[in-house]
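Here is how the chains run, residue by residue.
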Amino acid sequence: MMYPFITLNDDTEITHSEMKPDGRVKVYIETPDSKDGFHNATCWLPGYQWENIQGYSESEMQYFKKLIRDNAHLIIAFSQEGGILSATAV
């Protein structure tokens, strides 16, 4: 299952999985593109292993890498709580 984390102003969606039995969390980034359909990238936390990067420039990837690194602690915590919506439910 993938849970929403954040939607950026350019409609980029960042989602994450539940924590896997091996302690890893999959983070998926997807941006709609009128020419290519979608650009996407996957990062596995906590090791910051990037794979399947398609359509993003080097500067875009630098931005996403910093964004994920700065928010990894939240993503990992939410991955154990059923996503941000479950973690913040009152």
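To start, this report covers the structure provided alongside it. The structure presented is a predicted model; accordingly, all values stated were derived computationally and were not measured.

Structurally, S79 is set in helix α1 (residues 58–79). Given a relative accessible area of 5%, S79 falls into the buried group.

Moving on, we come to a negative patch on the surface. Together, D10, D11, E13 and E60 give the surface a local cluster of negative charge. Among the structural elements, D11 can be located in the loop between β1 (2–7) and β2 (13–17). On the accessibility criterion, D11 (48% relative accessible area) is partly exposed.

This part is about the sheet that holds strand β4 (residues 37–45). A sheet is described by the order of its strands in space; here five strands give the open sequence β1-β2-β3-β4-β5, paired in antiparallel fashion. The open sheet has two edge strands with one neighbour each: β1 and β5 (49–54). Along the sheet, successive strands turn relative to each other by an average axial angle of 20 degrees, direction set aside. The sheet contact formed by β2 and strand β3 (residues 25–33) spans four bridges and is antiparallel. By the bridge assignment, I14 is partnered in β3 with I29. Packed onto the sheet, α1 meets β1, β2, β3, β4 and β5 and runs at close to 135 degrees relative to β3.

Let's shift gears to the nonpolar core. The tendency in soluble globular proteins is for nonpolar side chains to be buried side by side. With 17 residues, the main nonpolar core has I14, V27, L45, I68 and I75 as its most contacted residues. Where this core is concerned, the elements lending two or more residues are β3, β4 and α1. Looking at this core, the element that brings in the most residues is α1, giving seven residues. Once residues lying within four places of it in the same chain are set aside, the contact partners of I75 are F5, H16, V25, V27, L45 and I68.

Our next topic: α1. The end-to-end C-alpha distance of α1 is 28 Å, clearly below the 32 Å that 22 residues give at a rise of 1.5 Å each. The axis of α1 is deflected most strongly, by about 60 degrees, at N71. Along α1, the residues that are buried comprise M61, F64, L67, I68, N71, A72, I75, F78 and S79.

Tallied over the entire structure, the rule returns three salt bridges. One salt bridge in this structure joins D70 and K66, with 2.7 Å as the shortest N-O distance. Separated by four residues within a single helix, D70 and K66 lie in helix α1, roughly one turn from each other. Judged by its relative accessible area of 52%, K66 is exposed.

Definitions and limits used
- Residues numbered from 1 in each chain as written.
- Predicted model: local features only at pLDDT ≥ 70, side-chain atom pairs only at ≥ 80, totals over all residues.
- Heavy atoms only, no water.
- Helix = DSSP H or I, 4+ residues; strand = E, 2+ residues; numbered from the N terminus.
- Buried < 20%, exposed > 50% of the residue type's maximum accessible area, 1.4 Å probe, protein only.
- Patch = residues over 30% accessible without salt bridge, like charges linked within 9 Å, V, L, I, M, F, W, Y side chains within 5 Å.
- Areas by Shrake-Rupley, 256 points an atom, 1.4 Å probe, with all protein chains shown as cover.
- Salt bridge = Lys/Arg side-chain N within 4 Å of Asp/Glu carboxyl O.
- Lys, Arg positive; Asp, Glu negative; His and termini not counted.
- Charge placed at Lys NZ, Arg CZ, Asp CG, Glu CD.
- Pairing = 2+ DSSP bridges.
- Axes fitted to C-alpha atoms, helices over the stretch in contact; angles between N-to-C directions.
- Contact = heavy atoms within 4.5 Å.
- Core = buried A, V, L, I, M, F, W, Y, C linked by side-chain atoms within 4.5 Å.
- Expected span 1.5 Å × (residues − 1).
- Bend = angle between axes of the 7 residues up to and from the residue.

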